[in-house]
Amino acid sequence: MVKENLENVEKNIKLACEKSGRDMKDVTLIAVSKTKPNELVMEAYETGIRDFGENKVQELVRKCEELPKDIRWHMIGHLQTNKVKQLLGNTVLIHSIDSIRLADTIDTEARKKNIHVDGLLEINVAKEASKYGFVEEELEEVLPLFGRYKNLHIKGLMTIAPNVDGAEDNRKIFKKLKKLSVDISEKNYDNIEVKFLSMGMTGDYMVALEEGANFVRVGTGIFGKR
């Protein structure tokens, strides 16, 4: 089932890239393996997938220990400051940097371990009360603060779009994040490179790709319903 699902997702990614005149090589599919057993992760791995996303630190660290070492683990869920120490060194990218307090903690712990950490700023584009992340209005005040970090490096933006009936309903969210990325890039903030846009999940990743996503996070579309 996983193999067939992945073929379907990859075909959709190809279609979305063709429609928007993009190169498929610029897109990374993150297989969201949260709550999934190692056997299912290995099914995806055996088809060639190497990027997997987890939203709980303990599960990511456990799978990192138990599964092949060439897997690139992405932390895509809300990260509590007290779990940062445990996470660092086990993840290729933290997609969910949603506060200055968290960024401070990541930089401090990374310095102690003498490692460099790449992260994305989580932006709450839709301003949903149930979601974490920076809102657009606070960015002008917040973004200069990232220049003080020596070991945490911001590489782009991430958003979790609302749960909607149709993918088209989220197009405006993805357009807004893309526009924000261009605006931020033009301002040349220290230590902020807007290289990656992580947006789009099972229900709307094709629309996200059309609007400029280069990371899409697909779980149900690959592994089936939880």
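Here the structure is a predicted model, which means the values were calculated and not measured.

The rules behind the values
Residues numbered from 1 in each chain as written. Predicted model: local features only at pLDDT ≥ 70, side-chain atom pairs only at ≥ 80, totals over all residues. Heavy atoms only, no water. 1 Å grid on protein atoms, 1.4 Å probe; cavity = no way out; pocket = protein on both sides within 12 Å on 5 of 7 lines; lining within 4 Å. Points joined across faces, edges and corners; volume = space filled by probe spheres on them. Nonpolar A, V, L, I, M, F, W, Y, C, P; charged D, E, K, R; others polar. Phe/Tyr/Trp six-rings, centres within 6.5 Å; stacked < 30°, edge-to-face > 60°. Helix = DSSP H or I, 4+ residues; strand = E, 2+ residues; numbered from the N terminus. Buried < 20%, exposed > 50% of the residue type's maximum accessible area, 1.4 Å probe, protein only. Lys NZ or Arg CZ within 6 Å of the ring centre and 35° of its normal. UniProt positions renumbered as here; feature names shortened; annotations may be inferred. Salt bridge = Lys/Arg side-chain N within 4 Å of Asp/Glu carboxyl O. Pairing = 2+ DSSP bridges. Right-handed = clockwise from strand over helix to strand, strands pointing away.

Leftover empty space is mapped by rolling, across the atoms, a probe with the size of a water molecule. Per the counting criterion, the structure on display carries one cavity of 30 Å³ or more. Looking at the largest cavity, the residues that line it are Ile 123, Asn 124, Val 125, Lys 127, Val 135, Glu 136, Lys 176 and Leu 180. Split into classes, the residues belonging to the lining of the largest cavity amount to four nonpolar, one polar and three charged.

Further remarks concern the packing of aromatic side chains. All told, the structure shown has four aromatic pairs when counted by the stated rule. Ring centres of Phe 196 and Phe 215 lie 4.9 Å apart, and the angle between their planes is 50°; on these two criteria the pair is classed as tilted. Placement of the pair is Phe 196 in strand β7 (residues 192-198) and Phe 215 in strand β8 (residues 215-218), with a sequence separation of 19 residues. Judged by relative accessible area, Phe 196 falls into the partly exposed class, the value being 22%. A network of ring pairs unites the aromatic residues Phe 134, Phe 146 and Tyr 149 as a single cluster. Directly above the aromatic system of Tyr 45 lies the positively charged group of Arg 50, at a separation of 3.6 Å from the ring centroid.

The volume enclosed by the second largest pocket comes to roughly 230 Å³. Every residue lining the second largest pocket is counted, 14 residues in all, and those nearest its centre are Pro 162, Asn 163, Val 164, Met 201 and Asp 204. Class assignment for the residues of the lining of the second largest pocket results in six nonpolar, five polar and three charged.

Another point: the UniProt feature "domain: Alanine racemase N-terminal" (unreviewed entry) in the protein chain. Under the present numbering, the feature "domain: Alanine racemase N-terminal" (unreviewed entry) in UniProt falls on residues 5-225. The span residues 5-225 carries 37% helix and 19% strand; its end-to-end C-alpha distance comes to 12 Å.

A complete count under the given rule lists 21 salt bridges for this structure. Between Lys 19 and Glu 210 there is a salt bridge, and its shortest N-O distance comes to 3.5 Å. A residue pair is termed long-range when its members are at least 10 positions apart, and Lys 19 in helix α1 (residues 2-19) and Glu 210 in helix α8 (residues 205-210) qualify at 191 residues. The class for Lys 19 is exposed, based on a relative accessible area of 64%. Linking Glu 59 and Lys 63 is a salt bridge whose minimum nitrogen-to-oxygen distance equals 2.8 Å. Separated by four residues within a single helix, Glu 59 and Lys 63 lie in helix α3 (residues 57-66), roughly one turn from each other. Of the two residues examined, Glu 59 and Lys 63, each falls in the buried class.

Attention shifts here to the pairing of strand β4 (residues 93-97). Of all five residues making up β4, five are buried, and the element is well covered by its neighbours. Bridge count between strand β3 (residues 72-75) and β4: two bridges; the pairing is parallel. Opposite His 74, over in β4, you have Leu 93 as the bridge partner. By the bridge criterion, two bridges tie β4 to strand β5 (residues 117-122) in an arrangement that is parallel. Bridging from a neighbouring strand, Ile 97 pairs with Leu 121 of β5. Crossover β4 to β5 through helix α5 (residues 100-113) is right-handed.

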